[in-house]
Amino acid sequence: MFEIPAGKIDAGETNPLVTAKRELEEETDYRAEKWQRLTALYTAPGFADEVIHIYEATKLTIASNALKLDDDEFLNVHLLSLDEAKQLIGSQKIVDAKTVFAIQHFELNYNNY
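The rules behind the values
In this convention, every chain numbers its residues from 1, walking through the sequence in written order. Restriction of local features to residues with pLDDT of at least 70 applies here, the model being predicted, together with a cutoff of 80 or more for giving and counting side-chain atom pairs; totals for whole chains, interfaces and linings are based on all residues. With hydrogens and water stripped out, all remaining heavy atoms of the structure feed into the side-chain values. We count a stretch as a helix when DSSP gives it H or I for four or more residues in a row; a strand needs E for two or more, and each element gets its number in order from the N terminus. Given the number of residues in a helix, its expected span is that number minus one, multiplied by 1.5 Å. In what follows, residue pairs with any heavy atoms lying within 4.5 Å of each other are defined as contacts. What qualifies as a polar contact is a pair of N or O atoms within 3.5 Å, subject to a donor-acceptor requirement within protein and to the restriction that residues adjacent in sequence count only when both atoms come from side chains. Only protein chains enter the area calculation, which uses a 1.4 Å probe; residues under 20% of their type maximum are buried, those over 50% are exposed, and those in between are partly exposed.

Here helix 1 (residues 16–28) contains 13 residues, and its C-alpha end-to-end distance of 18 Å stays within 8% of the 18 Å for a straight helix at 1.5 Å per residue. Elements that come into contact with the buried residues of helix 1 comprise strand 1 (30–42) and strand 2 (51–62). You can read the cap of helix 1 off the contacts: a side-chain oxygen lies 2.9 Å from the backbone nitrogen of L17, and it is on N15.

See the structure below:
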């Protein structure tokens, strides 16, 4: 499954940006010099109060060359252009709702800068 880096806010983390930075490094081994909050979304309003915060991370560098995965976690990192990501949505290879939302939100609102 293709999915943007994501994860739960840990105990003691009150700023979603801190979580985003941690998750990017844990799941991709990249760090970003520049961060921009794009939007947030509710996963299932009326059913749950979970909010997902979406950020754009740019000016990436490799953190350590060693992913810090949980024992039951298996990840492959793929770097995709916006066009490649849209093609994967169209071919139903990206079906994760937050990932589809983030890609389409970015295209609609930020793709021209």
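Before going further, it helps to spend a moment on unusual backbone geometry. A positive phi angle, close to 65°, is found at D29, a residue other than glycine. Structurally, D29 can be placed in the loop between helix 1 and strand 1. Positive phi outside glycine occurs at Q92, with the angle close to 60°. Along the chain, Q92 falls in the loop between helix 2 (82–90) and helix 3 (97–110). Judged by its relative accessible area of 63%, Q92 is exposed.

Its relative accessible area of 4% is what places D29 among the buried residues. A polar contact is formed between the side chain of D29 and the side chain of S64, at a distance of 3.0 Å.

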